[in-house]
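Here is how the chains run, residue by residue.
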Amino acid sequence: MRPRSLVAAAIAAALVAAGCGRDGGSSQATTTSVTQTTRVELLGGGGDNPPRTAGDFDPEQIFRTEGQGVVTVLAQGYEGSARGEGGLGSGFVISGQGEIVTNAHVVTTGEGRSIQRARELYVRFADGNQVAARIVGFDPFSDVALLKVDPSGLTLRPLPLGATRDVAVGEPVAAIGSPYGEEQSLSVGVISAKNRSIESLTGFATSGALQTDAAINSGNSGGPLLDADGRVLGINSQIRSSSGSGSGVGFAVPAEVVKRSIGQLRRHGEVRYAYLGVTTQQVYPQLAEALDLGTDHGAILRSVVAGGPAASADLRPGSGRQRFQGVTWPTGGDVITRVGRHEIRDESDLSIALLDYEPGETAPLRVMREGRARTVNVRLGTRPVDSPRG
């Protein structure tokens, strides 16, 4: 099975710049002074406002209303690179102040400490307007970027961010974006799974992602995945496919993660995550019985980063080894069963639980060691851009 692929589309620099020029008009000796009044017209709410429509799933209605807030993002050149390469992706408006959300990989290149921003950015709206944009900041851990355009003279349609907590598998969704540069394209499908872990631009995974069978292809990156009420459930980000096309399954960064990223990018221009410094694997009942863990759920420590927060709190991976169901497991080490108010039951629960904390805060961990439960208070660090090896 091939790894998941980011779905921004690479394009030639000439295509990125296309459509940017305007006819300068005639150069007469007599000049005419023209006063132009511009305004921003908000066609809808935005932010966390309640949905504007309700009822059955109506793709045509969703596209007619929410499609006006979906944009094409054009990147040209990257810092530190002399080549004129560029990229194309999607995005959507989130405020009347000209804020636009997209994927970080749409407006950057590289991974980890090698990430470089695009030198030039342009945003093309559904009504044909195309304007320059700047990067307010980006979150490489969740693949989210916040852009800003001058809203003067533009008609903006902010899309409301929803929530994924109550979203059910099988619920219909719509994706709008620019697959292969084909702007304002609509595809529909259902939520096919929740709480997936997907690759980020760092060595860490993005947790809580939505999986969908709505067709997502190169160029869809950064566009919205919408529910029946036109609320954004997530940012379309990746595909997994044996052919490299949208015939496989797509993944979207969940709205809750997007909200967190946007909030920090607005305030600080960057996003920081709490860091524990462990690698883990999910416990299941048969494994718990075979290894005599004393708990049927949790995250078993496979490794602890030397000098990291977990190591400083004396959390330990097992020093012994035991084969079970074709896998070699550590024995005698710690199993994290709870972080604060979060029980650790699924694969992504530990990373989701840490989102409640800021770097430098202390998190109470419930830990099983050799069948005995104890509470360990860990002072969390700041997640590095490149994941260190345990």
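Remember, it's a predicted structure, so these values are computed and weren't measured experimentally.

A. Summary view of the overall build of the protein chain. Looking only at helices and strands, the protein chain features 7 helices and 27 strands. A buried classification covers 50% of the 390 residues belonging to the protein chain. By sequence separation, contacts in the protein chain at least 24 residues apart represent 65% of the contacts at least 6 residues apart. If you sum the accessible surface of the protein chain, you get close to 17900 Å²; carbon and sulfur atoms cover 45% of it.

B. The arrangement of unusual backbone geometry in detail. For Tyr-180, which is not a glycine, the phi torsion comes out positive at approximately 55°. Examined against the element boundaries, Tyr-180 turns out to sit in the loop between β12 (172–177) and β13 (185–199).

C. Quick look at helix α2 (residues 59–66). For α2, the full list of buried residues reads Ile-62, Thr-65 and Glu-66. Viewed end-on, α2 has its buried residues packed into an arc of 80°, placing them on one side of the element. If you follow the buried residues of α2, they end up packed against β4 (70–78), β12 and β15 (224–226).

D. Representation of the side chain of Arg-157 within the structure. Looking at the element boundaries, Arg-157 is found in the loop between β11 (155–156) and β12. In this structure Arg-157 comes out as buried when scored by relative accessible area, which is 5%. A polar contact of 3.4 Å, which involves the side chain of Arg-157, links it to the side chain of Glu-66.

E. Representation of the layout of surface pockets. Here the largest pocket is characterised by a volume of approximately 920 Å³. Among the secondary structure elements, those contributing two or more residues to the lining of the largest pocket are β13, β14 (205–212), β18 (274–275), β19 (278–282) and α7 (349–354). In terms of residues, the lining of the largest pocket owes the most to one element, β19, which gives 5 residues. When grouped by side-chain class, the residues that make up the lining of the largest pocket number 12 nonpolar, 15 polar and 5 charged. Every residue lining the second largest pocket is counted, 16 residues in all, and those nearest its centre are Thr-164, Glu-256, Val-257, Ile-352 and Leu-355. Counting only elements with at least two residues in the lining of the second largest pocket, the list comes to β13, β14 and α4 (255–268). Tallied by class, residues from the lining of the second largest pocket come to 5 nonpolar, 5 polar and 6 charged.

F. Quick peek at empty space enclosed by the protein. Applying the stated criterion across every chain, the model contains 1 cavity of 30 Å³ or more. If you add up the space inside the largest cavity, you get close to 110 Å³. Every element with two or more residues in the lining of the largest cavity is listed here: β14 and α7. The element best represented in the lining of the largest cavity is β14, accounting for 3 residues. Partitioned by chemical class, the residues of the lining of the largest cavity number 6 nonpolar, 4 polar and 1 charged.

G. Up close: the packing of aromatic side chains. Within this structure, the stated rule accounts for 4 aromatic pairs. With centroids separated by 5.3 Å and ring planes inclined at 65°, the aromatic side chains of Phe-141 and Tyr-273 adopt a geometry described as edge-to-face. Here the residue Phe-141 occupies a position in the loop between β9 (130–139) and β10 (144–148), and Tyr-273 occupies one in the loop between α4 and β18, the gap between them amounting to 132 residues. For the pair shown, Phe-141 and Tyr-273 are each scored as buried. Put simply, the rings of Phe-141, Phe-204, Tyr-273 and Tyr-275 pair up and form one aromatic cluster.

H. Structural detail: the pairing of β9. Pairing of strand β8 (residues 116–124) with β9, which is carried by 4 bridges, proceeds in the antiparallel orientation. Counterpart to Leu-121 in the pairing with β9 is Ala-133. Connecting β8 to the next strand, β9, in antiparallel fashion are 5 residues, including Gly-128 with a positive phi near 100°. The sheet contact formed by β9 and β10 spans 5 bridges and is antiparallel. Looking at the pairing, Gly-137 lines up with Leu-146 of β10. Between β9 and β10, which pair antiparallel in sequence order, lie 4 residues; one of them, Asp-143, sits at a positive phi of approximately 60°.

Calculation notes
Residues numbered from 1 in each chain as written. Predicted model: local features only at pLDDT ≥ 70, side-chain atom pairs only at ≥ 80, totals over all residues. Heavy atoms only, no water. Helix = DSSP H or I, 4+ residues; strand = E, 2+ residues; numbered from the N terminus. Buried < 20%, exposed > 50% of the residue type's maximum accessible area, 1.4 Å probe, protein only. Contact = heavy atoms within 4.5 Å. Areas by Shrake-Rupley, 256 points an atom, 1.4 Å probe, with all protein chains shown as cover. Arc of directions from axis to C-beta. Polar contact = N/O pair within 3.5 Å; in protein donor to acceptor, adjacent residues only side chain to side chain. 1 Å grid on protein atoms, 1.4 Å probe; cavity = no way out; pocket = protein on both sides within 12 Å on 5 of 7 lines; lining within 4 Å. Points joined across faces, edges and corners; volume = space filled by probe spheres on them. Nonpolar A, V, L, I, M, F, W, Y, C, P; charged D, E, K, R; others polar. Phe/Tyr/Trp six-rings, centres within 6.5 Å; stacked < 30°, edge-to-face > 60°. Pairing = 2+ DSSP bridges.

This is a description of form; function is not addressed.
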